Amino acid sequence: MVMIETIKNIAGSALHLFYPHVCTGCGSDLVSEDNLLCLRCIHALPHTNFAGLANNPIEKHFWGRLRIETGHSEFYFEKEFLIQHLIHQLKYKGDTGIGFYLGELMGRSLLNSNRFTGIDALIPLPLYADKERKRGYNQAAVICNGISSVMNIPVLNTAVVRSHATETQTRKHRTERWENVSGSFKVARPEELKNKHLLLVDDVITTGATLEACGAIILQQENIKLSMATLAYAAK
Ligand SMILES: [Zn+2]
């Protein structure tokens, strides 16, 4: 057994020479290929601890706009800092691994908070189909998969869809931006949503207009409870 471990370690070291494994956050060398971030970056992650906090900034954000049960963002989105870099890797560099990992961290916070216990399913905020085709994946779905692996809750990937407004719609709502955003979401499978407490998930919340528009469409379904979670919160 010791012998096998030694051989594995030697093989691992040799592999490391040819395929150096580096921290996604800072680029420093990592000893184990099991980790994506070095310890320094893991400790530097700006957790908000919103999950356990009633009336946190995410929940307050939707007051008077949308009836949500609970809200959470796992990290502060600080410009030029670590979390912005990691989300950039997820969205534009094809690094789904880091998205899954950050989703897992968020899942753990939700699980530990006891304020997100009744969630039946996760819904990734849908991308426009052409954008998702170009990127190869929906980053919100990647985050959902990470949450799902920790919380054991299914991800509903096709229940809600997003499509470009037709030319007529665009003309009709030219002066009403919100209406326009709201018109781009559609519930494709109402039977998957009804009678459920759903957690709508996205990468970053800034104005919240898109989440609000999508949430409003979901809440039109039968007997729905809705909660919101994003990986990062861009404080204004
Ligand atoms: Zn690092």
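Here is a short report on the structure shown in this document.

## Here's the deal with the coordination of the zinc ion
Thinking step 1. Coordination of the zinc ion by the protein comes from Cys-23 (SG), Cys-26 (SG), Cys-38 (SG) and Cys-41 (SG), over a distance range of 2.3 Å.
Thinking step 2. One way to put it: the four donor atoms around the zinc ion meet at angles of 104 to 115°, and that makes the site tetrahedral.
Thinking step 3. For Cys-26, a relative accessible area of 46% translates into the label partly exposed.

## Some remarks on the sheet that holds strand 1 (residues 71–76)
Thinking step 1. Strand order in this open sheet of four strands is 1-6-5-2, and the pairing throughout is parallel. A strand with exactly one partner marks an edge of an open sheet, and here the two such strands are strand 1 and strand 2 (121–124). Direction aside, neighbouring strands of the sheet carry axes that sit 20° apart on average.
Thinking step 2. Bridging between strand 5 (residues 197–205) and strand 6 (residues 225–233) involves eight bridges; their strand directions are parallel. The partner of Asp-202 across the bridge, within strand 6, is Thr-230.
Thinking step 3. Relative to the sheet, helix 4 (residues 82–92) contacts strand 1, strand 5 and strand 6, its axis offset from that of strand 5 by approximately 105°.

## A few points about the pairing of strand 5
Thinking step 1. Most of strand 5 is tucked away: nine of the nine residues are buried.
Thinking step 2. Summarising the sheet, strand 2 and strand 5 pair through four bridges and their orientation is parallel. Looking at strand 5, one finds that Ala-121 is bridged to Leu-198.
Thinking step 3. Handedness of the strand 5-helix 11 (residues 209–219)-strand 6 crossover: right-handed.

## A few points about the packing of helix 5 (residues 96–113) against helix 7 (residues 139–151)
Thinking step 1. Running from N to C, helix 5 and helix 7 point in directions that differ by 45°, and their axes come no closer than 6 Å. Between helix 5 and helix 7, the angle is such that the two are oblique. The way helix 5 lies across helix 7 gives a crossing that is right-handed. Note on element contacts: helix 7 touches helix 5 through Val-142, Ile-143, Asn-145, Gly-146, Ile-147, Ser-149, Val-150 and Met-151, opposite Thr-96, Gly-99, Phe-100, Gly-103, Glu-104, Met-106, Gly-107, Arg-108, Leu-110 and Leu-111.
Thinking step 2. A class-by-class count of the residues in the contact of helix 5 with helix 7 yields nine nonpolar, seven polar and two charged.

## Topic: the environment of Tyr-233
Thinking step 1. Locating Tyr-233 in the fold gives a position in strand 6.
Thinking step 2. Measuring from C-alpha to C-alpha, the distance between Tyr-233 and Tyr-76 comes to 5.0 Å, with 157 residues separating the pair along the chain.
Thinking step 3. In this structure, Tyr-233 is in contact with Phe-50, Pro-57, Ile-58, Ser-73, Phe-75, Tyr-76, Phe-77 and Ile-205, ignoring residues within four places of it in sequence.

## Re the packing of helix 4 against helix 5
Thinking step 1. With their axes 7 Å apart at the nearest point, helix 4 and helix 5 run at an angle of 125° to one another. Taken together, the axes of helix 4 and helix 5 are oblique relative to one another. In the crossing of helix 4 with helix 5, the sense of the turn from one axis to the other is left-handed. Contacts between helix 4 and helix 5 involve Ile-83, Leu-86, Gln-89 and Leu-90 on the former and, on the latter, Thr-96, Ile-98, Gly-99 and Leu-102.
Thinking step 2. Within the contact of helix 4 with helix 5, the residues separate by chemical class into five nonpolar, three polar and no charged.

What counts and what doesn't
- Residues numbered from 1 in each chain as written.
- Predicted model: local features only at pLDDT ≥ 70, side-chain atom pairs only at ≥ 80, totals over all residues.
- Heavy atoms only, no water.
- Donors = N, O, S within 2.8 Å, 3.2 Å for Na, K, Ca; no water.
- Tetrahedral: all angles 85-135°; square planar, octahedral: opposite > 155°, others 65-115°.
- Buried < 20%, exposed > 50% of the residue type's maximum accessible area, 1.4 Å probe, protein only.
- Pairing = 2+ DSSP bridges.
- Helix = DSSP H or I, 4+ residues; strand = E, 2+ residues; numbered from the N terminus.
- Axes fitted to C-alpha atoms, helices over the stretch in contact; angles between N-to-C directions.
- Contact = heavy atoms within 4.5 Å.
- Right-handed = clockwise from strand over helix to strand, strands pointing away.
- Parallel < 35°, antiparallel > 145°, perpendicular 65-115°, else oblique.
- Left-handed = near helix turned anticlockwise from the far one by under 90°.
- Nonpolar A, V, L, I, M, F, W, Y, C, P; charged D, E, K, R; others polar.

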